[in-house]
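# Structural description and commentary
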Amino acid sequence: MTAIPHEIWLHIAQFIPVRTLQDLIGLNSTFFELAMNYRYRQMSFAYLDNRMLRSLARLKDPAVAKRVRILHVYPGFLKEALDKERSDPEPILRRSLRDKLADLANLLLEQKLFIKHPRIRLIRTLKRPEDVVQIMLEVLSGLPNVTDYYVTWCGLPSISATAVPFLSSVFQANLQKLSLELSLENVKSLLTPSFQVQNLKELQLCIHSENIDSVRERNEIMSTHLAPAISRLRETLETLTIQSWEPADLSPMLRAIKSLPALDQLIIAIPVESIHLGDPAGLGEFLSAQQSSLRVLRLRATQYGGRGYTPNPVSFDSWIRQAIRGVTLSKLRVLDISSNLFPVYTSVLCLNQFSLTITSLSLTGSYRTYDDVEEIISLVACHTRDEPLNTLRIGLVSLSPQLVHLISAQLPRLYRLELVVKYILPHAHDSPELLIDYPQETQRTAQIVSAYSHSSDIAADTETIQ
């Protein structure tokens, strides 16, 4: 029988669900490689359990380690090891890393042979934090092909000098995306003056600053550690996300970041509670510094941490107004505002500021009346624009014949339309509240939207939210 070429097997594998693909690991060499790639493509280390021990033992094999592309690290295992060291003062002899890994493999095998083997013996080798750090350093530094790296270090003890090497050992040439969710006190240890990722294209930064009360210390960390670390990525960084877990003054960091000539996309998450992100002029100056390259701006309103007060839309609106006042982004083509916490009138303000250059607009989260949509359309249908709007996503809205006519008449060159539909009305000025009394009509509406979206020749996607 003639052997089927490798390329044909790869083509066949494209039509097989990944879970089924794993069951075909023994079919032939092609499916073995594909199944192994899927199994070890994404790894996560959080807690010192049997699964983590098994993963560490397997990743010592270079043939397995090379398959890891996405890595998540939440060092809860260090806290576990520290707690165990404090609770059990039994002295532990220093042993080589090779001996410890051999013990891990033997213990795992022993566990399979003896089901009732006590779990405590599995982690005896990794009882001290120093042992955990040593093995993690050895394993993580042997992952040459990681492209996406997610580090979460908050709600844990501060990063010690011994922990930093294994966290930073993944900063290698193939790394393209780095996500850091850090307590501010840990920034100094991780983002040292030597921090540099050669080809990094995307950085996601989420800052927790609730543990530092000193304003002077906060400002010092932001301006002398965070900002320089971001600036050192200026040659390759294309996408940047900045987010604060709670309202905090990030303006010292924003002001200290140098121009990022490769920056194409910026995502800013703004807490809805005062003080939002501190001095609004800091964000304004940062936006102006990126005007030569920035093409995509995504704005979010968030309420993750903080005191949990009811959001003050007036304060939020005032902060946004001051932040974007006088800002000109001549290269901006995509504006995306998505959050039900983002007031409708504030999103219109942002659109008015940047409407002349954008070719793609997304406004979602809050419900928008027909009059709201009409105002939005009037801003992007201006004849003095350099390029016409070609993509529009908007919602929540009430779909009506008048709305469809408005969009088609005012935006005749629109290429793609996505409407997030909450109600369907016979006329734009009918009251959507009337649908609440007729649940059967609401169900029928959902069916009509589905039929409309599949049967229409217009490139429009609609969703119904009941």
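Quantities reported herein were computed from a predicted structural model and do not represent experimental measurements.

### Quick look at the pattern of salt bridges
- Per the counting criterion, the structure on display carries 13 salt bridges.
- In this structure, the salt-bridge partner of Arg 298 is Asp 336, at a minimum N-O distance of 2.8 Å. Pair noted here: Arg 298 is in strand E8 (residues 296-302) and Asp 336 is in strand E9 (residues 334-338), with a separation of 38 residues, a long-range link.
- Judged by its relative accessible area of 9%, Asp 336 falls in the buried class.
- A salt bridge links Arg 300 to Asp 336, with the shortest nitrogen-to-oxygen separation between them at 3.0 Å. In this pair, Arg 300 sits in strand E8 while Asp 336 sits in strand E9, placing the two residues 36 residues apart along the sequence.
- Three or more residues joined by partner-sharing salt bridges are found here, namely Arg 255, Asp 279 and Glu 285.

### Topic: the pairing of strand E7 (residues 265-271)
- Among the seven residues in E7, seven count as buried, and that is most of the element.
- Neither face of E7 is open: one carries Gln 265, Ile 267, Ala 269 and Pro 271, the other Leu 266, Ile 268 and Ile 270, and all of them are buried.
- Sheet analysis places strand E6 (residues 239-244) next to E7, joined by five bridges and oriented parallel. Paired with Leu 240 across the two strands is Leu 266, which belongs to E7.
- In terms of strand pairing, E7 meets E8 through seven bridges, oriented parallel. Following the sheet pairing, Ile 267 is matched in E8 by Arg 298.
- Handedness of the crossover is the feature at issue here: the chain leaves E7, passes through helix H13 (residues 280-289), returns alongside E8, and the resulting connection is right-handed.

### A short note on the environment of Thr 302
- Within the fold, Thr 302 resides in strand E8.
- The sequence separation of Thr 302 and Glu 273 amounts to 29 residues, and the corresponding C-alpha distance is 8.7 Å.
- Excluding its chain neighbours within four sequence positions, the residues that come into contact with Thr 302 are Ala 269, Ile 270, Pro 271, Val 272 and Leu 341.

### Observations regarding the nonpolar core
- Membership of the largest hydrophobic core comes to 117 residues, with the highest contact counts inside it found for Leu 71, Phe 77, Tyr 149, Leu 240, Met 253 and Leu 361.
- Other than its neighbours up to four places away in sequence, Leu 71 contacts Met 43, Phe 45, Leu 140, Leu 143, Val 146, Asp 148, Tyr 149, Tyr 150 and Val 170.

### Concerning the packing of helix H16 (residues 370-380) against helix H17 (residues 401-410)
- Two elements in contact, H16 and H17, have axes whose closest approach is 11 Å; the angle formed by their N-to-C orientations is 5 degrees. Regarding the angle of H16 to H17, the classification is roughly parallel. Where H16 approaches H17, its residues Tyr 370, Val 373, Glu 374 and Ile 377 are matched on the opposing element by Gln 402, Leu 403, Leu 406, Ile 407 and Gln 410.
- Partitioning the contact of H16 with H17 into residue classes produces six nonpolar, two polar and one charged.

Cut-offs applied
Going along each chain's sequence as written, the residues are numbered from 1 onward. In view of the model being predicted, local features appear only for residues whose pLDDT reaches at least 70, and side-chain atom pairs are presented and counted only at 80 or more, with totals across whole chains, interfaces and linings using the full set of residues. The side-chain figures draw on all heavy atoms in the structure; neither hydrogens nor water molecules are used. By definition, a salt bridge exists where a carboxyl oxygen of Asp or Glu is found within 4 Å of a side-chain nitrogen of Lys or Arg. Secondary structure elements follow DSSP: runs of H or I no shorter than four residues count as helices, runs of E no shorter than two count as strands, and numbering proceeds from the N terminus. Relative accessible area decides the class of each residue, using a 1.4 Å probe on protein chains only: under 20% of the type maximum gives buried, over 50% gives exposed, and in between gives partly exposed. In this description, strands pair whenever DSSP reports at least two bridges between them. Viewed with both strands pointing away, a crossover whose connecting path from the first strand over the helix to the second turns clockwise is right-handed. For this analysis, residues touch if any pair of their heavy atoms sits within 4.5 Å. Residues belong to one nonpolar core when they are buried, are Ala, Val, Leu, Ile, Met, Phe, Trp, Tyr or Cys, and are joined through side-chain atoms within 4.5 Å. Where helices are involved, their axes are fitted lines through C-alpha atoms of the stretch in contact, as for all axes, and angles between N-to-C directions lie from 0 to 180°. Oblique is the label for any angle not covered by the other classes, which are roughly parallel (under 35 degrees), roughly antiparallel (over 145) and roughly perpendicular (65 to 115). Under the scheme applied here, ten amino acids are nonpolar (Ala, Val, Leu, Ile, Met, Phe, Trp, Tyr, Cys and Pro), four are charged (Asp, Glu, Lys and Arg), and all others, including Gly, are polar.

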